[in-house]
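Notes for the structure review
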Amino acid sequence: MLLAALPGVAAERLAVLELADDAGLGDAAASLVTDAVRGAAAGLAPRILIMTRENLQALLPPGTDLSACLGDCEVETGRRLGAQYVVTGRVGRLGGQLMVALELFRTGDGALLSAERATAANAAGLPAAASKAAARLLARVPTTLAPTEP
């Protein structure tokens, strides 16, 4: 299987779903912002497995649009992926700026563990803003899974 547990690596998984693009940035730009969020999650390794975009696509039915998944769908999708945690979000516009809104859910009970927002003046600044927001978001995962300081 794609996500077999490795010795010394936690069996717990975190899935970062594709961010919804309410700002009209386009698929490529929205994917870059999602990748920035996924990259920020790398600090959780090796205690938690960060699922790649390819992992998600391989485990879900063909044609599944993760950016269109809202509410309970996000948590249920995380469960179907075998993830204990799922990060979801949206990119939008607010007062002439771009904004990314992120949420962290525990899939077992659907609890919202954390939410973060960040803004950028333009699309070029959005990945960095999203990465910082994701780092704040993920710093609040349960302490057994919190990223370690380098």
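Residues numbered from 1 in each chain as written. Predicted model: local features only at pLDDT ≥ 70, side-chain atom pairs only at ≥ 80, totals over all residues. Heavy atoms only, no water.

1. Some points on the confidence of the model for the chain
Keep this limit in mind: What pLDDT expresses is the predictor's confidence in each residue, scored from 0 to 100. In what follows, residue pairs with any heavy atoms lying within 4.5 Å of each other are defined as contacts.
Mean pLDDT over the chain stands at 83; residues scoring 70 or higher make up 83%. Predicted confidence is poor over residues 145-150, with pLDDT under 50, and the contacts of this stretch with residues over four places away or in other chains come to 14 contacts.

2. Notes on the side chain of arginine 38
Just so we agree on the cut-off: The helix count covers DSSP runs of H or I at least four residues long, the strand count covers runs of E at least two residues long, and both are numbered beginning at the N terminus.
With respect to the helices, strands and loops of the structure, arginine 38 is situated in helix 1 (residues 27-40). In this structure arginine 38 touches Val16, Glu18, Ile50, Met51, Thr52, Arg53 and Leu56, once residues within four positions along its chain are discounted.

3. Digging into the pattern of salt bridges
The condition is simple: By salt bridge we mean one thing: a side-chain nitrogen of Lys or Arg within 4 Å of a carboxyl oxygen of Asp or Glu. For every residue, the accessible area obtained with a 1.4 Å probe (protein chains only) is divided by the maximum for its type, and the residue is called buried under 20%, exposed over 50%, and partly exposed between those limits.
Going through the model one piece at a time under the given rule, you end up with nine salt bridges. The residue arginine 90 makes a salt bridge to aspartate 22 at a minimum N-O spacing of 2.7 Å. Placement of arginine 90 in strand 4 (residues 85-94) and of aspartate 22 in the loop between strand 2 (20-21) and helix 1 is noted, with a sequence separation of 68 residues between them. You can call arginine 90 partly exposed: its relative accessible area is 30%.

4. Concerning the environment of valine 86
Here valine 86 is to be found in strand 4. Under the relative-accessibility criterion, valine 86 is labelled buried at 0%. For the pair valine 86 and phenylalanine 105, spaced 19 residues apart in the sequence, the C-alpha separation amounts to 5.3 Å. Ignoring anything within four residues of it in the chain, the contact list for valine 86 reads Ala15, Leu17, Glu74, Val75, Gly78, Glu103, Leu104, Phe105 and Thr107.

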